[in-house]
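Report on the structure
Here is how the chains run, residue by residue.
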Amino acid sequence: MTQLEQIFKDIFQGEQLIRMIFSSKRKKSCPYQKVTIRPVKLNEHMVFQAEYTVGNQVIHENLLPDEAEKKAMQLLKDNFKQINLFTIYEDMQVLAAKP
């Protein structure tokens, strides 16, 4: 498990996340300008809402913690070079030059 995978696991399983913002597209073919993941309480359960910005539209998707963890890794590997992470303990910036 890489250091980044461990950070994502701690953030999503430990309910530490305030907001995660993906930006700086890897490819122009990526339809999203940015993606934001944040925790929301839905029917007494904690889920993570992924907000995809496509042009001037916003699309939402609700994810369970393990789904959100996998989605975050996939977005970083395939679509984006930068993540800004805001947690209850610290703020982090991840810059990924290569997938």
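Worth saying up front: this structure is predicted, and the values here are computed from it rather than measured. Per chain, the residues get numbers from 1 upward, laid out in the order the sequence is written. The predicted origin of the model limits local features to residues at a pLDDT of at least 70 and limits the giving and counting of side-chain atom pairs to 80 or more, whereas totals for whole chains, interfaces and linings rest on all residues. Excluding hydrogens and water, the side-chain values take into account all heavy atoms of the structure.

Another point: the side chain of Q49. Counting from the N terminus, the helices are DSSP H or I runs at least four residues long and the strands are E runs at least two residues long. Its location among the elements puts Q49 in strand 3 (residues 45–54). Residue burial is assigned from relative accessible area. The probe radius is 1.4 Å, only protein chains are included, and a residue is buried under 20% of its type maximum, exposed over 50%, and partly exposed in between. What makes Q49 buried here is its relative accessible area of 13%.

This next bit is on the environment of Y52. Along the chain, Y52 turns up in strand 3. Residues Y52 and V40, spaced 12 residues apart in sequence, show a C-alpha to C-alpha distance of 16 Å. Contacts are assigned to residue pairs with any non-hydrogen atoms lying within 4.5 Å of each other. Discounting chain neighbours no more than four positions away, the residues touching Y52 are Y32, K34, V35, Q57, V58, I59, E61 and K71. A polar contact of 2.6 Å, which involves the side chain of Y52, links it to the side chain of E61. Distance and chemistry together define a polar contact, namely a pair of N or O atoms within 3.5 Å, with one atom able to donate a hydrogen and the other to accept it when in protein, and with adjacent residues in sequence counting only for side-chain atoms on both sides.

With that out of the way, let us pick up the pairing of strand 5 (residues 80–87). Strands pair, by our definition, only if DSSP identifies at least two bridges between them. Pairing between strand 1 (residues 17–25) and strand 5: seven bridges, direction antiparallel. Within the sheet, the bridge partner assigned to F22 lies in strand 5 and is I83. Sheet topology places strand 5 next to strand 6 (residues 91–95); five bridges connect them, and they run antiparallel. Bridging from a neighbouring strand, N84 pairs with Q93 of strand 6. The turn linking strand 5 back onto strand 6 is made up of three residues.

Further remarks concern the sheet that holds strand 1. Ordered by their spatial adjacency, six strands build an open sheet running 4-3-2-1-5-6, and the pairing between neighbours is antiparallel. Where the open sheet ends on each side, the last strands, each with one partner, are strand 4 (57–63) and strand 6. Sheet twist, expressed as the mean angle between neighbouring strand axes with direction ignored, is 20°. As paired strands, strand 3 and strand 4 are joined by seven bridges and run antiparallel to one another. Bridging from a neighbouring strand, E51 pairs with H60 of strand 4. Every axis corresponds to a line fitted to the C-alpha atoms, with the helix fit spanning only the stretch in contact, and the corresponding angles, defined between N-to-C directions, vary from 0 to 180 degrees.

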